[in-house]
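# Structural features, examined
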Amino acid sequence: MTARSNIPMLTLRAQITIEVSALDYVEAAEHQRRAEALFAAVRAEYPAAAFAFHHLRPKLAGEAKAGEPTAPRRYKTRPRVLAVYHDS
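Counting restarts for each chain, with residues numbered from 1 along the sequence as it is written. In keeping with the model being predicted, local features are shown solely for residues with a pLDDT of at least 70 and side-chain atom pairs are shown and tallied solely at 80 or more, while totals for entire chains, interfaces and linings include all residues. Water and hydrogen atoms were dropped before computing side-chain values, which therefore reflect all heavy atoms in the structure.

### Some details on the pattern of salt bridges
In the sections that follow, a salt bridge refers to a side-chain nitrogen of Lys or Arg positioned within 4 Å of a carboxyl oxygen of Asp or Glu. Per the stated rule, a full pass over the model turns up one salt bridge. The shortest N-O distance in the salt bridge between E30 and R33 comes to 3.2 Å. Here R33 and E30 lie together in helix α1 (residues 25–45), a separation of three residues that amounts to about one turn. Throughout, exposure labels follow a simple rule: accessible area from a 1.4 Å probe, protein chains only, divided by the maximum for the residue type, with under 20% read as buried, over 50% as exposed, and the rest as partly exposed. Here E30 falls in the partly exposed class, since its relative accessible area comes to 35%. Looking at R33, the relative accessible area reads 48%, which means it is partly exposed. A helix here means a DSSP run of H or I that spans at least four residues, while a strand means a run of E at least two residues long, and both kinds are numbered starting from the N terminus.

### Let's talk about the packing of aromatic side chains
Aromatic rings in a pair are described by how distant their centres are and how their planes are angled relative to each other. Two rings belonging to Phe, Tyr or Trp (six-membered ring only in the last case) form a pair when the distance between their centres is within 6.5 Å. Interplanar angles under 30 degrees mark stacking, angles over 60 mark edge-to-face geometry, and anything in between is tilted. Going through the model one piece at a time under the given rule, you end up with two aromatic pairs. Feature note: the residues F39, F51 and F53 constitute an aromatic cluster, connected by ring pairs.

### Some words on the environment of A29
Of note, A29 is situated in helix α1. Taking the C-alpha atoms as reference, A29 lies 9.8 Å from F53; in sequence the two are 24 residues apart.

Below, the structure is given as structure tokens:
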């Protein structure tokens, strides 16, 4: 077996996205409480896990309406490449 001390540790991120609709802040708070309860199971397994719950901006006039096909969502981050190291 070769020593792995010279190989850098991988940092990985898993992201779960849930979009819900609410008519008012009371209903939104109920969704947040339910999501936090679900997240408790994740936090039990991964103590450093983070939870975020925030409002999305309304769609602009030129954007697609509900039920219409849309282009794939574009994220602001660039894809990262995993480097593979080999012993020489």
